[in-house]
Amino acid sequence: LGWRELDILELNGLPHQMVLSRLRHADVIYAEGGNHYHLANSIIANGLAEEMAGILEEKVYVGVSAGSMIFSKHLSERTGEAFSEQDDLLILGEAAARSPFGLFDWYLKPHLNSSSFPNRTMAWFQRAAAQLDCPVYAIDDDSAVRVRGDEVDVVSAGQWRLLNAPAGEATGPDGARSGKSRRLPRLRPTRRS
């Protein structure tokens with residue numbers, strides 16, 4: 001790929017300032033997999049949320065699986081219960097499930113129809129989304145939600161649906177307006193002390 005440097009970073013294993021320095025040095029921040037509640041909690045517990053929010057304003061961020069789910073203000077015990085993730089929530093102990101950034105007023109859930117997650121059928125997504133009062137992106141492993149400024153769109157060679165969509169918004173491949181971005185609520189970063 002022509003990269004000059006690749007740095008692997010473990011949030012829980014390094015001092016706060018070293019993590020921030022390495023993130024500032026990166027051109028692209030790529031976060032992948034695992035338990036999204038744990039990832040979000042690690043960012044909060046290590047005091048990284050406020051400064052990372054500023055860093056993310058200047059960097060390209062690529063989130064895969066858990067790395068893509070930590071930005072919604074709706075990351076909470078409520079969404080965890082709607083998606084039957086009680087076991088995943090247990091990792092937090094007494095800590096509350098919450099987003100370190102709260103940038104988006106929609107929720108993203110990956111792995112639609114994935115062989116690695118056989119229960120994640122469209123019916124499963126629909127049952128969970130029916131318990132929530134926010135838009136929910138259900139995307140497969142060949143799809144991505146792209147955010148550029150205030151514009152949100154889906155890049156896909158697979159299947160996806162926007163459940164609980166605002167009136168008039170495209171909800172999936174059949175209703176998608178190819179190549180056109182949709183505006184969904186995006187929140188401004190809130191600085192935490």
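Each remark here, short or long, concerns the structure printed above.
Residues numbered from 1 in each chain as written. Predicted model: local features only at pLDDT ≥ 70, side-chain atom pairs only at ≥ 80, totals over all residues. Heavy atoms only, no water.

Observations concerning the overall build of the chain
A tally of regular secondary structure across the chain gives six helices and seven strands. Start at the N end of the chain and walk to the C end: the helices and strands fall as α-β-α-α-β-α-α-β-α-β-β-β-β. Sorting the 193 residues of the chain into buried and exposed places 42% on the buried side. For the chain, the proportion of contacts with a sequence separation of at least 24, taken over those separated by at least 6, is 70%. Approximately 10700 Å² of the chain is accessible, and the part contributed by carbon and sulfur atoms is 49%. (Helix = DSSP H or I, 4+ residues; strand = E, 2+ residues; numbered from the N terminus. Buried < 20%, exposed > 50% of the residue type's maximum accessible area, 1.4 Å probe, protein only. Contact = heavy atoms within 4.5 Å. Areas by Shrake-Rupley, 256 points an atom, 1.4 Å probe, with all protein chains shown as cover.)

Focus on the pairing of strand β1 (residues 28-32)
Where burial is concerned, the two faces of β1 differ: the one with Ile 29 and Ala 31 is buried and the one with Val 28, Tyr 30 and Glu 32 is not. Of the pairings in the sheet, the one linking β1 to strand β2 (residues 60-64) comprises five bridges and is parallel in character. Looking across to β2, one finds that Ile 29 is bridged to Tyr 61. (Pairing = 2+ DSSP bridges.)

Here's the deal with the nonpolar core
One finds Ile 43, Phe 83, Phe 101, Tyr 107, Val 136, Tyr 137 and Val 145 to be the most contacted residues of the largest nonpolar core, which totals 48 residues. Listing elements by their share of this core, those giving two or more residues are α1 (16-25), α2 (36-45), α3 (49-56), β3 (107-109), α6 (122-129), β4 (136-139), β6 (151-156) and β7 (160-163). A total of five residues in this core trace back to one element, the largest contributor, which is α3. (Core = buried A, V, L, I, M, F, W, Y, C linked by side-chain atoms within 4.5 Å.)

Considerations on the pairing of β6
Two strands pair when backbone bridges link them, and strand β5 (residues 143-148) and β6 are joined in this way by six bridges, in the antiparallel orientation. Residue Ala 144 lies in a different strand from β6, and its bridge partner there is Val 155. The hairpin turn running from β5 into β6, its antiparallel successor, is two residues long, and Gly 149 in that turn takes a positive phi close to 65°.

Examining unusual backbone geometry
Here the phi dihedral of Ser 65 falls at roughly 55°; this positive angle occurs in a residue that is not glycine. Looking at the element boundaries, Ser 65 is found in the loop between β2 and α4 (77-82). We note that Asn 164 has phi near 60°; this positive angle belongs to a residue other than glycine. Take Asn 164: it is sitting in the segment after β7. On the basis of relative accessibility, which here comes to 35%, the residue Asn 164 falls in the partly exposed class.

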